[in-house]
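Architecture at a glance
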Amino acid sequence: MSVQIRLQQSKFKESNRGGKWHARTVSTGVVTTEDLANAIQENTSFTRGDVHGLVISLIDEISYRLRQGETVVLDGLGRFHLTVESKPVERREDFNIARNITGVKCKFVPAGSRNQRTGKKIQDFATGVRVIWADVEEE
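Quick caveat, the model's predicted, so the values are computed rather than measured.

Some details on the pairing of strand β4 (residues 78-86)
Direction of pairing for strand β3 (residues 72-74) relative to β4: antiparallel, over a ladder of three bridges. Bridge pairing in β4 links Leu74 to Gly78. Counting the residues in the hairpin turn of β3 and β4 gives three residues, including Gly76, whose phi is positive at 85 degrees. In the sheet, β4 pairs with strand β5 (residues 101-110) via nine bridges, with the strands oriented antiparallel. Bridged to Leu82 within β5 is Cys106.

Structure representation (structure tokens):
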């Protein structure tokens, strides 16, 4: 398991970040629901249609539960919850939902644990991943 990186120069103008180089992951492809259904079908007794239907039903149920204001936890995967973006006001009584709420976003927090010694979060999906250079693009 490897994640490929390239270096990218920051376009920010702040002196602490501007022009500095940082690592950026490179996607090696896109996997669709159909691709996942085919792969799962090969490793289980479920048909591709069964898996595809289950995944679509799971997505529908997650969406419904989020709209109900619930946090959805998929053990081993992570947590989904909705957050709002808003314009700040000076006084509490000046806040108006229609005027100050500018958007709703779905946030995802990957499953993981904390290192007991350092307190640093370790994401389950990132465990055991190597970082390698992506092929250099021809210019």
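With respect to the sheet that holds strand β8 (residues 130-133)
Spatial strand order, β2-β1-β8: three strands in an open sheet with mixed pairing. For this open sheet the edge positions go to β2 (21-26) and β8, each flanked by a neighbour on one side alone. Strand-to-strand twist across the sheet, computed as the mean angle between neighbouring axes with direction ignored, equals 45 degrees. Relative to β8, strand β1 (residues 2-9) is paired through four bridges, and the arrangement is parallel. Counted as the bridge partner of Gln4 is Ile132 from β8.

The rules behind the values
Every residue gets a number counted from 1 within its own chain, in the order that chain's sequence is written. In keeping with the model being predicted, local features are shown solely for residues with a pLDDT of at least 70 and side-chain atom pairs are shown and tallied solely at 80 or more, while totals for entire chains, interfaces and linings include all residues. Values shown for side chains rest on all heavy atoms present in the structure; no hydrogens or waters enter the calculation. Strand pairing is defined by DSSP finding a minimum of two bridges between the two strands. Each helix is a run of H or I in the DSSP string that is no shorter than four residues. Each strand is a run of E no shorter than two, and both are numbered from the N terminus. Each axis is a line fitted through C-alpha atoms, taken for helices only over the stretch in contact, and angles between the N-to-C directions span 0 to 180 degrees.

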